[in-house]
Amino acid sequence: MPALDHIRRYHGELTAIRQDLHAHPELGMEEHRTAEIVARRLEEWGVDEVHRGIGGTGVVGVLRAGRGNRAIGLRADMDALPMAELTGLPYASTVPGKMHACGHDGHTTMLLGAARYLAETRNFDGTVHLIFQPGEEGCGGALAMLEDGLLERFPCDALYGMHNATGLDVGRYAIGAGPFMAGGAFFDITVHGKGSHGARPEASIDPVLTACHIATGLQSIVSRNLSPRETAVVSVTKVTGGDAYNVIPQTAVLSGTARFFSKEVAGQIEEAMRRMAEGVAAGFGATAEVDFRLIFAPLVNQAERTTEIADAAADLVGEEAVRRDRAPVMGSEDFSFMLEKVPGAYIHVGNGPGAAAHNPHYNFNDEATPFGAALYAQVVERVLKPA
């Protein structure tokens, strides 16, 4: 029986799991309930080994079949976001201020569906590592698992991951070789001035005014410090300073994000940001400190692995439903750190119409679950095909 049809037999059970996870979201590195549900399901379904606590709350399942010595890893993320849900669904978040607004409940469920199928059929020759990662949303979960020896304990010849894509029809897939998702950094620029009464600005060194000029200057980094051939973004997303209407404060802080497709460009952005912040601040008699932190490496799809998972998708739904030239996107994904260690690929799975990810009205489409689960399974059967 084809993987897609096999998995559809227990689609209802997978939907119940997904909606339960949705109702009980957990933030990055706090996925204790989610991880235990994952581990218990893997054990119930006959996965050969189940390892808890990898990189904190990560879970790794191990499946073996045949005598092959090749191993591949399938990865899904588990964490939710710190935001209030407004969907009004009967299974909406029961935890105030926490929501599965990026579909990681669906990603977890898709990999669980693949795990059950692979455990039941064993139609492969080698080893499959089922990697359930915590803390993808800027919490360092991928690095935590790597630092805990993920790839030394569970070595892989290839890695595959996926993300749901709103606006792409259910039953369709999209991928591109090479740089596919942007690297991301967070930054905080603290401006130190001299406070005074708001009615006596001449007695101050105004950090708020200085910060405003720095924020304006930062917008020249992409247009004047980077090659026009490079794609990058610098966004100031938060400005804080002061507590009273009539007090010029001592400090002000600018915070934001930068996105880029190479670490070289990330370094150019950081260098220009420091120069701009310190120079503008000095012009106003203030000082500025820049904290620039790489949170996500650029995600690069290796060409051969990209072809493998795209071919697996075409096996399921036909070539016409697989886009192989998806343009790179400015969003970031910390699966990139794993792909720096092992060649692999990351594909988008259609989630149909609806609210975009990170929106309070977003919801993962349960109709997409079999297509994600079957693709995980199909790439295993294709890459680790028995002789």
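Residues numbered from 1 in each chain as written. Predicted model: local features only at pLDDT ≥ 70, side-chain atom pairs only at ≥ 80, totals over all residues. Heavy atoms only, no water.

### Structural notes on the nonpolar core
Test applied: Only buried residues count toward a nonpolar core, which is a set of Ala, Val, Leu, Ile, Met, Phe, Trp, Tyr and Cys residues joined through side-chain atoms within 4.5 Å. When a residue's accessible area, from a 1.4 Å probe over protein chains only, is under 20% of the maximum for its type it is buried; when over 50% it is exposed; and in between it is partly exposed. A run of H or I in DSSP becomes a helix once it reaches four residues, and a run of E becomes a strand once it reaches two; helices and strands are each numbered from the N terminus. Contacts are assigned to residue pairs with any non-hydrogen atoms lying within 4.5 Å of each other.
One finds L42, L74, L130 and Y173 to be the most contacted residues of the largest nonpolar core, which totals 68 residues. If you tally residues by element for this core, the top one is helix 12 (residues 369-383), at nine residues. Beyond its immediate stretch of four places on either side in the chain, L74 contacts L111, L118, V128, H129, L130, I131, Y160, Y376, V379 and V380. Counting 28 residues, the second-largest nonpolar core is a separate cluster that includes A185, F187, L218 and A266.

### Side note on the domain arrangement of the chain
Threshold: Residue ranges for the domains originate in an automatic or database domain assignment. Each of two parts loses accessible area, computed with a 1.4 Å probe, when they are put together; buried area is these two losses added. The salt bridge definition used is simple: a Lys or Arg side-chain nitrogen within 4 Å of an Asp or Glu carboxyl oxygen.
According to the domain assignment, the chain consists of domain 1 (3-178 + 298-384) and domain 2 (183-296). For domain 1 and domain 2, the distance between their C-alpha centroids amounts to 37 Å. Listed per partner, the contact involves 13 residues of domain 1 and twelve residues of domain 2. In total, domain 1 and domain 2 occlude about 1000 Å² of area from one another, counting both sides; carbon and sulfur atoms represent 72% of this. Per-residue buried area on domain 1 facing domain 2 is highest for P298, M330 and S332; these three make up 58% of the total on that side. On the surface where domain 1 and domain 2 come into contact, there are one salt bridge.

### Notes on the packing of aromatic side chains
How two aromatic rings sit relative to each other is set out by the distance from centre to centre and by the angle between their planes. Keep this limit in mind: Centre distance within 6.5 Å is the pairing criterion for rings of Phe, Tyr and Trp, where only the six-membered ring of Trp is used; planes under 30 degrees apart are then read as stacked, over 60 as edge-to-face, and the remainder as tilted. The criterion for a charge sitting over a ring is simple: Lys NZ or Arg CZ within 6 Å of the ring centre, and within 35 degrees of the ring normal.
Following the criterion strictly, the structure yields one aromatic pair and no others. When the ring of F335 is compared with that of Y346, the centres are 5.7 Å apart and the planes differ by 40°; the resulting orientation is tilted. Here the residue F335 occupies a position in helix 11 (residues 335-341), and Y346 occupies one in strand 16 (residues 344-352), the gap between them amounting to eleven residues. The buried category is assigned to F335, whose relative accessible area is 0%. One residue, R116, lies across the ring of Y10, its end atom 3.9 Å from the ring centre.

### Focus: the sheet that holds strand 2 (residues 58-65)
Backbone hydrogen bonds hold the strands of a sheet together, and the pairing may be parallel or antiparallel. The test is simple: Note: two strands are recorded as paired if DSSP finds a minimum of 2 bridges between them. A fitted line through C-alpha atoms serves as each axis, taken over the contacting stretch for helices, and the angle formed by two N-to-C directions is quoted from 0 to 180°.
What the eight strands build is an open sheet, ordered 1-2-4-3-5-16-6-15; its pairing is mixed. Unpaired on one side and paired on the other, strand 1 (49-54) and strand 15 (322-323) mark the two borders of the sheet. When strand 2 meets strand 4 (residues 126-133), the two strands line up antiparallel, connected through seven bridges. Across the sheet, residue V62 finds its bridge partner in strand 4, namely H129. Here helix 3 (residues 32-44) sits on the sheet and contacts strand 1, strand 2 and strand 4; the angle it forms with strand 1, its principal contact strand, is near 170°. In this fold helix 12 packs onto strand 3 (71-77), strand 4, strand 5 (158-166), strand 6 (173-174) and strand 16, with an angle of close to 165° to the strand it touches most, strand 3.

### Details of the side chain of H6
Counting through the fold element by element, H6 comes out in helix 1 (residues 3-8). Residues in contact with H6, not counting those within four places in the same chain, are M1, Y117, E120 and T121.

### Thoughts on the sheet that holds strand 8 (residues 183-192)
Pairing is antiparallel in the open sheet, where four strands are placed in the order 10-12-8-13. Since the sheet does not close on itself, it has two edges, and those belong to strand 10 (233-240) and strand 13 (287-296), each with one partner. Neighbour to neighbour, the strand axes of the sheet diverge by 20° on average, direction disregarded. As defined by bridge partners, strand 10 adjoins strand 12 (residues 251-260) across seven bridges and the pair is classed as antiparallel. Bridged to V239 within strand 12 is L254.

### Observations concerning the UniProt feature "binding site: Mn(2+)" (unreviewed entry) in the chain
Condition: UniProt positions are given in the numbering used here, feature names are shortened, and annotations may be inferred rather than shown by experiment.
In the numbering used here, UniProt assigns the feature "binding site: Mn(2+)" (unreviewed entry) to C102, H104, E137, H163 and H358. Despite a sequence span of 257 residues, these residues sit close together in the fold, their greatest C-alpha distance being 13.3 Å. By the element assignment, H163 lies in strand 5. Not counting chain neighbours up to four residues away, the residues in contact with H163 comprise C102, H104, H107, E333, Y346, I347, H348 and V349. By the element assignment, H358 lies in the loop between strand 16 and helix 12. Taking relative accessible area as the criterion, H358 reaches 43% and is therefore assigned partly exposed. Contact partners of H358, with chain neighbours within four places excluded, come to L81, M83, A101, C102 and E137.

### Details of the pairing of strand 8
The pairing of strand 8 with strand 12 spans ten bridges and is antiparallel. Note that in strand 12 the partner of H192 across the bridge is T251. Bridge count between strand 8 and strand 13: nine bridges; the pairing is antiparallel. Each residue of the ladder has a partner; that of I189, found in strand 13, is V290.

### Some remarks on the pairing of strand 4
What counts, and what does not: We call a crossover right-handed when, viewed with the strands running away from us, the connection from the first strand over the helix to the second turns clockwise.
Summarising burial for strand 4: eight of the eight residues are buried, a large majority. In the sheet, strand 3 pairs with strand 4 via seven bridges, with the strands oriented parallel. In the sheet register, D77 faces strand 4, and the bridge partner there is Q133. Note on the crossover from strand 3 through helix 4 (residues 104-121) to strand 4: the handedness is right-handed.

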